[in-house]
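Descriptive analysis of the structure
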Amino acid sequence: MYDSAITDRANQLLSRMTLAEKLGQLNQLSGNYGQVSDALAEQIRTGQAGSIINEVEPGIVKKLQQLAVEESRLGIPLLFGRDVIHGFRTIFPLPLAQACSWSPELVEKCARVSANEAATTGVNWTFAPMIDITRDPRWGRVAECLGEDPWLCAKLGEAMVKGFQSNDLSSPGAIAACAKHFAGYGASESGRDYNTTDISEHNLRNLYLPPFNALAEVGAATMMTAFNDLNGVPASGNSWLLKQVLRDEWGYEGMVVSDWASIEQMQLHGFTENGKESAFEAFNASVDMEMVSPTYRNELEGLLKEGRIQPKQLDAAVVRILSLKLAMGLFEQPYAQPEKLPELVCEEHRQLAKEAALKSCVLLKNQNQTLPLDEDSLNSITVIGPLANDGYEQLGTWVFDGKEEDSITSLQAIRDALEPSCRVNFVKALATSRSKDDREFQQAVEAAKAADAALLFLGEEAILSGEAHCRAELNLPGAQERLIEEIAATGTPVILIILAGRPLTLESVLPKVDALLYAWHPGTMGGAAIADLLLGKASPSGKLPITFPRKVGQIPIYYGQKHGGKPVTPENYVHMDNFEARAPQTSLGMAAMHMDTHYTPLFPFGFGLSYTTLSYQDLQLSRSKLSRDETLIITAELSNLGSFDCEEIVQLYVRDRVGSVTRPVKELKGFQRIALAKGETKQLLFELPIADLAFYGRDLKQRVEPGQFALWLGSSSEPELQSSFEVV
Ligand code: GLC
């Protein structure tokens, strides 16, 4: 990971360090949030801290760094860590929303701006990207992830790492990235955060680990261990995961940090007797730095004296930490250089945030071309809902340094665009997304009756997703669904815009609205983007990176499911409402389905509408038989038949028909954003290296297995064009 110039310097410095100074590097201490306590100052002066978390006040960060660099014996600089998850002061759409762009370029640019803004304060390490694969929208942290698919997650996660770290980790605006949470956290049982996870090695290696492997390959500077116990062994003390896989198999030399007190919590898990055993298990598994809890600083010296851990293990951990600091250039330039960096929330950053929001929104329904609204024919519209004009809620979860006053809300942007030629009424109707107080409903109904269109801004407040914020039901909270019914009953066209941090179960709501735009929590410029999309100044292009269930009971539901031996089909599916009375037990067909809901998702992975109509045709493969070291060339034609320019995210899927283990019915293996002017036709070209079809088989060895493959190309995981080929 680091060239010898770095590691030689690290080892040279190591040779001058006392035991206490070595142990000190392994501690991340909590900042005092805007001040410097005497205790913290003394800990830094005496080399007891390797990093500070959550200090962002530039003057304080500088003071703390001066204490380390100018007053400690060896002057080893500090890492300053902060959760810069989807922006620092300029807030971009949630990571799950950014994933709807399917654009590594865009995601990289957003991460770069986030890094530049954070670096102005002296923050030099972010705890992102979060690349936990999850198929469970009950889990609050789905908001922070990059979706259900390992291929898409890896491509976007790589882009985020490049954005944060740039191609020179020592440059003024670069910050160290952190691939998290290693590993399996997204499989928390029942979607309840911090809950146990039980994942076969087959699924770990084929689903949950590949994004981490990809980010290790692309040079993510650090990794963070997860809170969850993984198959009975907490990830923060799991030596199979951290030593056998991460260090020995992958050869990862980056620094590994625990999650917040996740080392100490192993005692609560009932995995260790006390702090000393927690420190032993984590250190022995090769966790280099402890986030905030004190087990390392209290126990490691004793464990060394007892010979239960070895000096060379300590030296290895310290060298990984020093190498990172050297690679970041902190010894030469320990202080922030804001004069070399752009202004916070400058116009350029705002425009990027708007572009990201435009590409993050997903059009899920648009019957009778209700959208885009035709400004010229509108005399009045009514904007309704608690999320139409709330610059705080639209920012979403994991926003520590963004400011509400920077936000452009949807109501503001719609008024700026339409008034005075079109009257824009606003009725909040509900105090919050959870409110059940319907006293303003009648006012909203009257306003809707008088309008040419009703724009409903509903969904979830920011607090209803994110860490520890999980839900057992995924319907619209509070009285929102009843509000939709009452507005729909007026007969005025209803356009529903959802701001939320997760997929919601909207099956009962969908028939009542004419159009549905999913805006997630779109960030600082979300309102400006939503207004442009509603008014046709831009065409929606987002595609879902996660499946939308009809009901919670379908979870986990995802496109890459296994075929099974008794699959449900349109022919054998029967809803229980249609059962004959006293139907004999085997008369209904025996298929993998729920009797009380259709077996398909409400919206599939990869789905998203635009304002135009597209036609896919003429799929061609370069070969019908290929060996494992060859590359398949796929071509087709894509035409824009409608009257709007668009950007289509073309998706490539394969299916390995027979494997030494059962294989998913589809696997994403490529995607491209294709811009098409109205009336334009373009040739599509994809290259599929057969090596990309490798997976971990029955012997848990990674290889491409010969045999028949199906291949699809299209606009979602229910693609338009199909073909096949054989690997020999
Ligand atoms: C939290 C999260 C982790 C975050 C860390 C620091 O508990 O699990 O993602 O980076 O603590 O805030």
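For the structure, check the block above.
Here the structure is a predicted model, which means the values were calculated and not measured.

Strand direction decides the pairing type here: strand 1 (residues 27–30) and strand 10 (residues 290–291), joined by two bridges, are parallel. Residue pairing for strand 10: Asn-27 is matched across the bridge by Glu-290. Judged from the three bridges that link them, strand 1 and strand 2 (residues 51–53) form a sheet pairing that is parallel. Note on strand 2: the bridge partner recorded for Leu-29 is Ile-52. For the crossover that starts at strand 1, traverses helix 3 (residues 38–45) and ends in the parallel strand 2, the hand is right-handed.

Note on placement: Asn-238 falls in the loop between strand 8 (233–234) and helix 10 (239–249). Residue class for Asn-238 comes out buried when judged on its relative accessible area of 5%. Side-chain polar atoms of Asn-238 contact the backbone nitrogen of Trp-240, separated by 3.2 Å. If we skip the residues at most four places from it in the chain, Asn-238 touches Leu-230, Val-233 and Ala-285.

Attention now moves to the packing of aromatic side chains. Per the stated rule, a full pass over the model turns up 20 aromatic pairs. Ring plane angle 75 degrees and centroid distance 6.0 Å describe the contact between Trp-520 and Phe-548, whose orientation is recorded as edge-to-face. Of this pair, Trp-520 sits in the loop between strand 16 (515–518) and helix 18 (526–534) while Phe-548 sits in the loop between helix 18 and strand 17 (614–621); the two residues are 28 residues apart in sequence, bridging distant segments of the chain. Taken as a pair, Trp-520 and Phe-548 share a single burial class, namely buried. A network of ring pairs unites the aromatic residues Trp-102, Tyr-559, Phe-605, Tyr-653 and Phe-671 as a single cluster. Above the face of the Tyr-335 ring, Lys-62 is positioned so that its terminal group lies 5.0 Å from the ring centre. Across the ring face of Trp-398, the terminal group of Lys-180 is positioned such that the distance to the ring centre comes to 5.4 Å.

Below, the discussion takes up the pattern of salt bridges. Counted according to the given criterion, the structure contains 39 salt bridges. Between Glu-306 and Lys-276 there is a salt bridge, with its nearest N and O atoms 2.2 Å apart. Here Lys-276 lies in helix 11 (residues 275–284) and Glu-306 lies in the loop between helix 12 (295–305) and helix 13 (311–327), a separation of 30 residues in the sequence. The salt bridge involving Arg-471 is made with Glu-460; its shortest N-O contact spans 2.8 Å. Of the two residues, Arg-471 is situated in the loop between strand 14 (453–459) and helix 17 (480–488) and Glu-460 in the loop between strand 14 and helix 17; the sequence distance between them amounts to eleven residues. Overall, the relative accessible area of 0% leaves Glu-460 in the buried class. Within this structure, Glu-42, Arg-45 and Glu-71 form a network of salt bridges that share partners.

Next up on the list: the sheet that holds strand 17. The three strands are arranged 17-19-22 in an open sheet whose pairing can be described as antiparallel. Since the sheet does not close on itself, it has two edges, and those belong to strand 17 and strand 22 (681–689), each with one partner. Along the sheet, successive strands turn relative to each other by an average axial angle of 25 degrees, direction set aside. Bridge count for strand 19 (residues 631–640) against strand 22 is nine bridges, and the pairing is antiparallel. When the sheet's bridge partners are listed, Thr-631 is paired in strand 22 with Pro-689.

Three or more residues of helix 12 are buried, namely Thr-295, Tyr-296, Leu-300, Leu-303 and Leu-304. One side of helix 12 carries all its buried residues, which in axial view fall inside an arc of 110 degrees. Exposed positions of helix 12 whose direction lies more than 90 degrees from the buried face are Asn-298 and Lys-305. Against the buried residues of helix 12 lie helix 2 (19–24), strand 1, helix 11, strand 10 and helix 13. Looking one or two places after helix 12, you find Gly-307, whose phi comes out positive at around 75 degrees.

What follows concerns helix 18. Where burial is concerned, most of helix 18 is hidden: nine out of the nine residues are buried. Those residues of helix 18 not exposed but buried are Gly-526, Gly-527, Ala-528, Ala-529, Ile-530, Ala-531, Asp-532, Leu-533 and Leu-534. Buried positions along helix 18 lie against helix 14 (347–360), helix 15 (410–418), strand 14, strand 15 (494–499) and strand 16. One or two residues past the end of helix 18 sits Gly-536, with phi positive at roughly 80 degrees.

Spatial strand order, 11-16-15-14-12-13: six strands in an open sheet with mixed pairing. In the strand order of this sheet, the two ends are held by strand 11 (362–366) and strand 13 (423–427), each with one partner. Shown here is a sheet whose adjacent strand axes are inclined to one another by a mean of 15 degrees, direction ignored. Two elements, strand 12 (residues 380–384) and strand 13, share five bridges in a ladder whose sense is parallel. Looking across to strand 13, one finds that Thr-382 is bridged to Asn-425. Most of the contacts of helix 15 go to strand 13, to which it runs at about 165 degrees, and overall it touches strand 12, strand 13 and strand 14. Across the sheet, helix 18 lies against strand 14, strand 15 and strand 16, angled at about 150 degrees from strand 15, the strand it touches most.

We now examine the nonpolar core. The nonpolar side chains of a soluble globular protein tend to be buried with one another. In terms of nonpolar packing, the biggest core is built from 156 residues, with Phe-182, Leu-483, Ile-487, Tyr-518 and Trp-520 touching the most fellow members. Excluding residues that lie within four positions of it along the chain, Leu-483 makes contacts with Ile-384, Ala-429, Leu-430, Phe-441, Ala-444, Leu-456 and Leu-458. By size, the runner-up hydrophobic cluster in this structure holds 34 residues, among which are Ile-495, Ala-529, Ala-531 and Tyr-611.

Here Ala-128 and Pro-129 are connected by a cis peptide whose omega angle stands at 5 degrees. Tracing the backbone shows Pro-129 in the loop between strand 4 (125–126) and helix 7 (150–165). In this model, Ile-555 is joined to Pro-556 through a cis peptide bond whose omega is 5 degrees. Tracing the backbone through its elements, the reader meets Pro-556 in the loop between helix 18 and strand 17. Positive phi, normally seen in glycine, also occurs at Val-292, with a value near 75 degrees. Here Val-292 is to be found in the loop between strand 10 and helix 12. Classification of Val-292 as buried rests on a relative accessible area of 19%. Positive phi, close to 60 degrees, is recorded for Leu-700, a residue that is not glycine. Taking the relative accessible area as the measure of exposure, Leu-700 reaches 26% and is therefore partly exposed.

In the neighbourhood of the ligand, 13 residues make up the surrounding shell, with Asp-83, Arg-141, Lys-180, His-181 and Asp-259 lying closest. Between the ligand and Asp-83, the relevant distance is 2.5 Å, taken from an oxygen atom to a side-chain nitrogen or oxygen of the residue. Asp-259 is positioned such that a nitrogen or oxygen atom in its side chain is 2.6 Å from an oxygen atom of the ligand. In isolation the ligand has 310 Å² of accessible area, and contact with the protein removes 94% of it. In the shell around the ligand, the residues fall into seven nonpolar, one polar and five charged.

Another aspect to go through is the environment of Val-383. Structurally, Val-383 is set in strand 12. Take Val-383: its relative accessible area is 0%, and that puts it in the buried class. As for Val-383 and Ala-519, which are separated by 136 residues in sequence, their C-alpha atoms are 16 Å apart. Not counting residues within four places of it along the chain, the set of residues in contact with Val-383 comprises Ala-388, Leu-411, Ile-414, Val-424, Asn-425, Phe-426, Val-427, Leu-455 and Phe-457.

Scoring rules and cut-offs
Residues numbered from 1 in each chain as written. Predicted model: local features only at pLDDT ≥ 70, side-chain atom pairs only at ≥ 80, totals over all residues. Heavy atoms only, no water. Pairing = 2+ DSSP bridges. Helix = DSSP H or I, 4+ residues; strand = E, 2+ residues; numbered from the N terminus. Right-handed = clockwise from strand over helix to strand, strands pointing away. Buried < 20%, exposed > 50% of the residue type's maximum accessible area, 1.4 Å probe, protein only. Polar contact = N/O pair within 3.5 Å; in protein donor to acceptor, adjacent residues only side chain to side chain. Contact = heavy atoms within 4.5 Å. Phe/Tyr/Trp six-rings, centres within 6.5 Å; stacked < 30°, edge-to-face > 60°. Lys NZ or Arg CZ within 6 Å of the ring centre and 35° of its normal. Salt bridge = Lys/Arg side-chain N within 4 Å of Asp/Glu carboxyl O. Axes fitted to C-alpha atoms, helices over the stretch in contact; angles between N-to-C directions. Arc of directions from axis to C-beta. Core = buried A, V, L, I, M, F, W, Y, C linked by side-chain atoms within 4.5 Å. Near = heavy atom within 4 Å. Areas by Shrake-Rupley, 256 points an atom, 1.4 Å probe, with all protein chains shown as cover. Nonpolar A, V, L, I, M, F, W, Y, C, P; charged D, E, K, R; others polar.

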